[in-house]
Amino acid sequence: SGAVRAGEPAIPKPEGFVTDRAGVVGAAARARIVGLAGELQAKTGAEIAVVTVSTTAPLDDFTYALRVAEAWKPGRKGDDTGVVFLVAVEDRKLRILVGYGLEGILPDGRVGEISDREVVPAFRAGRVDEGIWRGVAALAARIAEARGVTLTGVPPPQRDARGAPLPTWALILILLVVLAIMLYQ
């Protein structure tokens, strides 16, 4: 229902994959996000909808994100494979709301890890659009990996035996060991 509940802010109309009402997503970042989100949707049916606003007041960020999800219904019809990526700039809030159809792929812990590792450091450095891009790319990579598809816009995550990403130093160390073995044979 598009009706506004009394005392609640109007939910903006979706403007494709990026609805930037706060004016924080530059043209280059928007193009990268739109390209990747479009490819993800075409290959998996999953949809990441980015929305930025100045504030969600008087609602909290969770309720606002829920209203966006209810109004826009991102993802494949009937599958609930949408993600709402909400940034409330003045409130300094980030909310990533995952549809039921993706909860197995993106449980709360994984989403929190992506927020902490990819999004928040860029936000703290004042690079909001970079943080959004990094978050969308990490979410898209996880969905693509689980669905067995390759996205041209993001590299697949490197994983160790436990399923955690391998740190760069570990990859370099492995490479050096392999080189040493090859040289000393």
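Let me begin by describing the structure that accompanies this report. (Residues numbered from 1 in each chain as written. Predicted model: local features only at pLDDT ≥ 70, side-chain atom pairs only at ≥ 80, totals over all residues. Heavy atoms only, no water.)

Our next topic: the pairing of strand S3 (residues 82-88). Burial runs high along S3: seven of the seven residues are buried. Neither face of S3 is open: one carries Gly 82, Val 84, Leu 86 and Ala 88, the other Val 83, Phe 85 and Val 87, and all of them are buried. Of the strand pairs in this sheet, strand S2 (residues 47-53) and S3 are connected by seven bridges, and their pairing is parallel. By the bridge assignment, Glu 47 is partnered in S3 with Gly 82. (Buried < 20%, exposed > 50% of the residue type's maximum accessible area, 1.4 Å probe, protein only. Helix = DSSP H or I, 4+ residues; strand = E, 2+ residues; numbered from the N terminus. Pairing = 2+ DSSP bridges.)

Once that is clear, we can look at helix H3 (residues 108-124). Bending of H3 peaks at approximately 35° at the position of Ser 115. Every buried residue of H3 is accounted for by Val 111, Ile 114, Ser 115, Glu 118, Val 119, Ala 122 and Phe 123. Residues of H3 that are buried make contact with S3, strand S4 (93-98) and helix H4 (128-147). (Bend = angle between axes of the 7 residues up to and from the residue. Contact = heavy atoms within 4.5 Å.)

This part takes up the sheet that holds S4. With mixed pairing, the four strands of this open sheet are ordered in space as S1-S2-S3-S4. Two strands in the sheet have a free side with no partner beyond their single neighbour: strand S1 (18-20) and S4. Between one strand and the next, the sheet's axes are offset by a mean angle of 10°, whatever the strand orientation. Alignment of S3 against S4, held across six bridges, turns out to be antiparallel. Looking across to S4, one finds that Val 87 is bridged to Leu 94. Strand contacts of H4: S2, S3 and S4, with the helix running at about 160° to S3, the strand carrying the most contacts. (Axes fitted to C-alpha atoms, helices over the stretch in contact; angles between N-to-C directions.)

Okay, the layout of surface pockets next. Its boundaries defined by the atoms lining it, the largest pocket holds a volume of some 660 Å³. Forming the boundary of the largest pocket are 27 residues, of which Phe 62, Ile 96, Leu 97, Val 98 and Gly 99 lie nearest the centre. Within the residue set of the lining of the largest pocket, elements represented by two or more residues are helix H2 (61-72), S3, S4 and H3. For the lining of the largest pocket, the residue count by class is 14 nonpolar, five polar and eight charged. (1 Å grid on protein atoms, 1.4 Å probe; cavity = no way out; pocket = protein on both sides within 12 Å on 5 of 7 lines; lining within 4 Å. Points joined across faces, edges and corners; volume = space filled by probe spheres on them. Nonpolar A, V, L, I, M, F, W, Y, C, P; charged D, E, K, R; others polar.)

All right, on to the pattern of salt bridges then. For the structure shown, the criterion picks out nine salt bridges. Across the pair Glu 118 and Arg 117 runs a salt bridge, and its minimum N-O distance is 3.2 Å. A relative accessible area of 16% places Glu 118 in the buried class. One salt bridge in this structure joins Glu 118 and Arg 134, with 2.7 Å as the shortest N-O distance. Taken together, the residues span a long stretch of sequence, with Glu 118 in helix H3 and Arg 134 in helix H4 at a distance of 16 residues. (Salt bridge = Lys/Arg side-chain N within 4 Å of Asp/Glu carboxyl O.)

Ile 48, Phe 85, Leu 106 and Ile 132 are the most contacted members of the largest nonpolar core, which has 34 residues in total. When residues of this core are traced back to their parent elements, those giving at least two are helix H1 (27-44), S2, S3, S4, H3 and H4. Top contributing element to this core by residue count: H4, with ten residues. Membership of the second largest hydrophobic core comes to twelve residues, among which are Val 53, Leu 59, Ala 65 and Val 68. (Core = buried A, V, L, I, M, F, W, Y, C linked by side-chain atoms within 4.5 Å.)

Another aspect to go through is H1. Because the α-helix completes a turn every 3.6 residues, residues three or four places apart line up on one side. The end-to-end C-alpha distance of H1 is 25 Å, a good match for the 26 Å that 18 residues give at a rise of 1.5 Å each. Taken residue by residue, H1 has Ala 29, Ile 33, Leu 36, Ala 37, Glu 39, Leu 40 and Thr 44 as its buried positions. Down the axis of H1, the sector holding all buried residues measures 160°, keeping them to one side. Exposed and facing more than 90 degrees away from the buried side of H1 are Ala 27, Ala 28 and Ala 42. On its buried face, H1 is in contact with S1, S2 and H4. (Expected span 1.5 Å × (residues − 1). Arc of directions from axis to C-beta.)

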